[in-house]
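One-letter residues, chain by chain:
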Amino acid sequence: MKRSTHPVRRYLPRVALALMILVAAGTALLYFRFRHDVRAARERIAAGGKIAETPCGRIEYAEQGEGRAVLVSHGAGGGYDQGLAVSERLGAGLRIIAPSRFGYLGMPYPDDPSAAEQADAYACLLDALGVARVVVIAFSAGGPSALQFALRHPARTDALIMVSAISDGSLVDPRPVDPSKDPALSTMLHDFPFWLAVTCFPDQVLRFFGMTREAQRRLTPEEHGRAVRVVRMILPMGMRATGNFNDPAHWFERGDFALESIRAPTLVIHARDDTFVAFAHGEYTARHIPNARLASFDYGGHFVIVRDAVAAEISTFLRRVGN
């Protein structure tokens, strides 16, 4: 007598096929969304930047607003777009000038990519724009070139603001970053894994970039959204990789960082829970620049700049130092 097939066994192949179709469809939709987001990012970058031909070479930059000139030195993973993003809440009456640093977006990578050379490129850009003096705001890895600008071009530096910014060469590994030895960085070289992480697991990505779980919990929804937006701007990674992975080797290789010589009014902002650029950098800057003021924050991590309280601190400082 022939045994009948169990109903569950009979339908298993169909269930498996249905699941495979669902997984394939979901993967395709996810990939199409990725392609759409990366294409949109490339279009945004292409439309937003300008090119200045200067004695220092070709410089990519963007501008926003009118009034007192503010030059923004962006961090790692950035470009002119990050410079605009981290300064967008500083208030009216400011002309934001946001260059891309060497190796980011459309900015060439020169034979001498030192912080001193980058500072001179800032000066060349200001010459091309007819700007005599600026407030310099540095975020994260934009710190060394901002310090060099204040040292090499003191007459053009109205004020200096260092936010979560690198300043102490003794705390920095001078070797170029080797992504092959770090699985997390290796993954970041590819746009799709990074997009997937920042789209599906933004809190974990923020933790990787120096914002603890506790810091995120204490942010307002608007502040958290700003932090995620800044991190998402790293896409497309390929347009930022040259600067991103070569920066550390050149920050402090040339030029004197005698911070005691800086005379510009200086505000230093740093969160004590920053796990990406240690609070010790902020302490170092405030200790060595005469009359610098350290505004420390208990939480906010590396992206403390997204907090409303930080925008208020910077606005108050700018009003105090005048034009």
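Look a little higher up for the structure.
Participant: Explain the overall build of the protein chain to me, please; I cannot follow it from the model alone.
Facilitator: Of the regular secondary structure elements, the protein chain holds 12 helices and eight strands. Taken across its 323 residues, the protein chain has 52% of its residues classed as buried. Within the protein chain, counting contacts between residues at least 6 apart in sequence, those at least 24 apart form 76% of the total. For the protein chain, the computed accessible surface area is about 15,200 Å², with 56% contributed by carbon and sulfur atoms.

Participant: How do you make sense of the nonpolar core when you look at a structure like this?
Facilitator: Side chains that are nonpolar tend, in soluble globular proteins, to be buried together. Among the nonpolar cores identified, the biggest contains 50 residues, and Ile161, Phe194, Val231, Ile269, Phe303 and Ile314 are the most heavily contacted of them. Setting aside its immediate chain neighbours within four residues, Ile161 contacts Val135, Val136, Ile137, Ala138, Leu267, Ile314, Phe317 and Leu318. Counting 38 residues, the second largest nonpolar core, distinct from the first, contains Met107, Tyr122, Leu147 and Ile289.

Participant: Just to check I follow, could you spell out the pattern of salt bridges for this structure?
Facilitator: Here the idea is simple: oppositely charged side chains can pair when their charged atoms come close. Applying the stated criterion to the full structure yields 14 salt bridges. Here Glu63 and Lys50 are joined by a salt bridge, their closest N and O atoms 3.9 Å apart. Of this pair, Glu63 sits in strand β2 (residues 57–64) while Lys50 sits in strand β1 (residues 50–54); the two residues are 13 residues apart in sequence, bridging distant segments of the chain. The exposure class of Lys50 is partly exposed, given its relative accessible area of 39%. Bridged by salt links that share partners, the residues Arg44, Asp81 and Arg240 form one connected network.

Participant: It is not clear to me how empty space enclosed by the protein should be interpreted in this structure. Could you clarify?
Facilitator: Where empty space is left becomes clear once a probe the size of a water molecule has been rolled over the atoms. Under the criterion given, the structure shown has two cavities of 30 Å³ or more. By volume, the largest cavity amounts to about 140 Å³. Taken together, 13 residues line the largest cavity, and the ones lying closest to its centre are Ala85, Val86, Arg89, Ile305 and Val306. Per-class residue counts for the lining of the largest cavity are eight nonpolar, one polar and four charged. Taken together, the residues of the lining of the second largest cavity break down into six nonpolar, three polar and two charged.

Reading the values: the criteria
Residues numbered from 1 in each chain as written. Predicted model: local features only at pLDDT ≥ 70, side-chain atom pairs only at ≥ 80, totals over all residues. Heavy atoms only, no water. Helix = DSSP H or I, 4+ residues; strand = E, 2+ residues; numbered from the N terminus. Buried < 20%, exposed > 50% of the residue type's maximum accessible area, 1.4 Å probe, protein only. Contact = heavy atoms within 4.5 Å. Areas by Shrake-Rupley, 256 points an atom, 1.4 Å probe, with all protein chains shown as cover. Core = buried A, V, L, I, M, F, W, Y, C linked by side-chain atoms within 4.5 Å. Salt bridge = Lys/Arg side-chain N within 4 Å of Asp/Glu carboxyl O. 1 Å grid on protein atoms, 1.4 Å probe; cavity = no way out; pocket = protein on both sides within 12 Å on 5 of 7 lines; lining within 4 Å. Points joined across faces, edges and corners; volume = space filled by probe spheres on them. Nonpolar A, V, L, I, M, F, W, Y, C, P; charged D, E, K, R; others polar.

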